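# Descriptive structure summary
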Amino acid sequence: MILRFLIVLAVAFFMSACTTGKLYYTEQSGNRILGCDVEFVGLPSVDKFAVEYALSLCAKSVVHKGHQLDGNQQYLVNLDTSVPEAPCGHAWNRDLAKAKFKEGLLSKKHYGYIVAYIDLGLAVVNECSPNHT
């Protein structure tokens, strides 16, 4: 009985650490469509920024295609979704981003953006010149 309670408690805890977001748009024909449905699991105070990043990229794509966003999601088009460059010779990965965050070199927002950046397959090696660090 106690084991069952602990399992239920653990599942509830992990489910509560899930951050989600949806982006809806309206086609020119008037049909309302779910454009993106994203979910990040980990640290909610950081994951909310990962969701914001992914939804912003989706929103920019939807608007570029000529569709209309719901009014409360229009702000996503104007977000600066740039991420800091990875250290020279490296691509962002979760371990590197976590280490830089723990060192205080990344804000929660940038850490979240980098998590989404990685998960979306956008991370590439930063090939710095010898004079650029």
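Described in the following lines is the structure provided in the data block.

Criteria and thresholds
Residues numbered from 1 in each chain as written. Predicted model: local features only at pLDDT ≥ 70, side-chain atom pairs only at ≥ 80, totals over all residues. Heavy atoms only, no water. Axes fitted to C-alpha atoms, helices over the stretch in contact; angles between N-to-C directions. Helix = DSSP H or I, 4+ residues; strand = E, 2+ residues; numbered from the N terminus. Parallel < 35°, antiparallel > 145°, perpendicular 65-115°, else oblique. Contact = heavy atoms within 4.5 Å. Nonpolar A, V, L, I, M, F, W, Y, C, P; charged D, E, K, R; others polar. Salt bridge = Lys/Arg side-chain N within 4 Å of Asp/Glu carboxyl O. Pairing = 2+ DSSP bridges. Core = buried A, V, L, I, M, F, W, Y, C linked by side-chain atoms within 4.5 Å. Buried < 20%, exposed > 50% of the residue type's maximum accessible area, 1.4 Å probe, protein only. Expected span 1.5 Å × (residues − 1). Disulfide = S-S within 2.5 Å.

### As for the packing of helix 3 (residues 94-102) against helix 4 (residues 108-119)
Relative to each other, helix 3 and helix 4 sit at 175°, their axes nearing to 10 Å. Our classification of the angle between helix 3 and helix 4 gives roughly antiparallel. Residues R94, A97, K98 and F101 of helix 3 form the contact with helix 4, whose own contacting residues are K108, Y111, I114, V115, I118 and D119. Among the residues forming the contact of helix 3 with helix 4, the class breakdown is six nonpolar, no polar and four charged.

### Topic: the environment of T19
Here T19 lies in strand 1 (residues 18-26). As a C-alpha pair, T19 and K48 span 29 residues in sequence and 6.1 Å in three-dimensional space. When sequence neighbours within four positions are dropped, the list of residues in contact with T19 reads V38, E39, F40, P44, D47, K48 and V51.

### Topic: the pattern of salt bridges
Tallied over the full model, the rule gives two salt bridges. Between D70 and R32 there is a salt bridge, and its shortest N-O distance comes to 2.5 Å. Taken together, the positions of D70 in the loop between strand 3 (68-69) and helix 3 and R32 in strand 2 (residues 32-41) put the pair 38 residues apart, joining distant regions of the chain. A salt bridge links R94 to D119; the nearest nitrogen and oxygen atoms lie 2.6 Å apart. Of this pair, R94 sits in helix 3 while D119 sits in helix 4, and the two are 25 residues apart along the sequence.

### Comments concerning the pairing of strand 2
Bridge count between strand 1 and strand 2: nine bridges; the pairing is antiparallel. Note that in strand 2 the partner of K22 across the bridge is D37. Between strand 1 and strand 2, which pair antiparallel and follow one another directly, the connecting turn spans five residues, one of which, G30, has a positive phi of 100°.

### Re the nonpolar core
Of all hydrophobic cores here, the largest spans 30 residues; its most connected members are L23, F40, L55 and W92. Listing elements by their share of this core, those giving two or more residues are strand 1, strand 2, helix 2 (44-64), helix 3 and helix 4. With 10 residues, the top contributor of residues to this core is helix 2.

### Focus: helix 4
Over its 12 residues, helix 4 runs 16 Å from end to end, which matches the ideal 16 Å to within 8%, given 1.5 Å per residue. On its buried side, helix 4 packs onto strand 2, helix 2 and helix 3. Phi turns positive one or two residues past the end of helix 4, at G121, with a value near 75°.

### A few points about the state of the cysteines
Tallied over the full model, the rule gives two disulfides. Between the sulfur of C88 and that of C128 lies a disulfide, 2.2 Å long from S to S. The sign of the S-S torsion, about -100°, decides the handedness of the disulfide formed by C88 and C128: left-handed. With C88 in the loop between strand 3 and helix 3 and C128 in the segment after helix 4, the pair connects residues that are 40 residues apart, well separated along the chain. If one numbers only the bonded cysteines of the protein, in the order they occur, the disulfide pattern is 1-2, 3-4.

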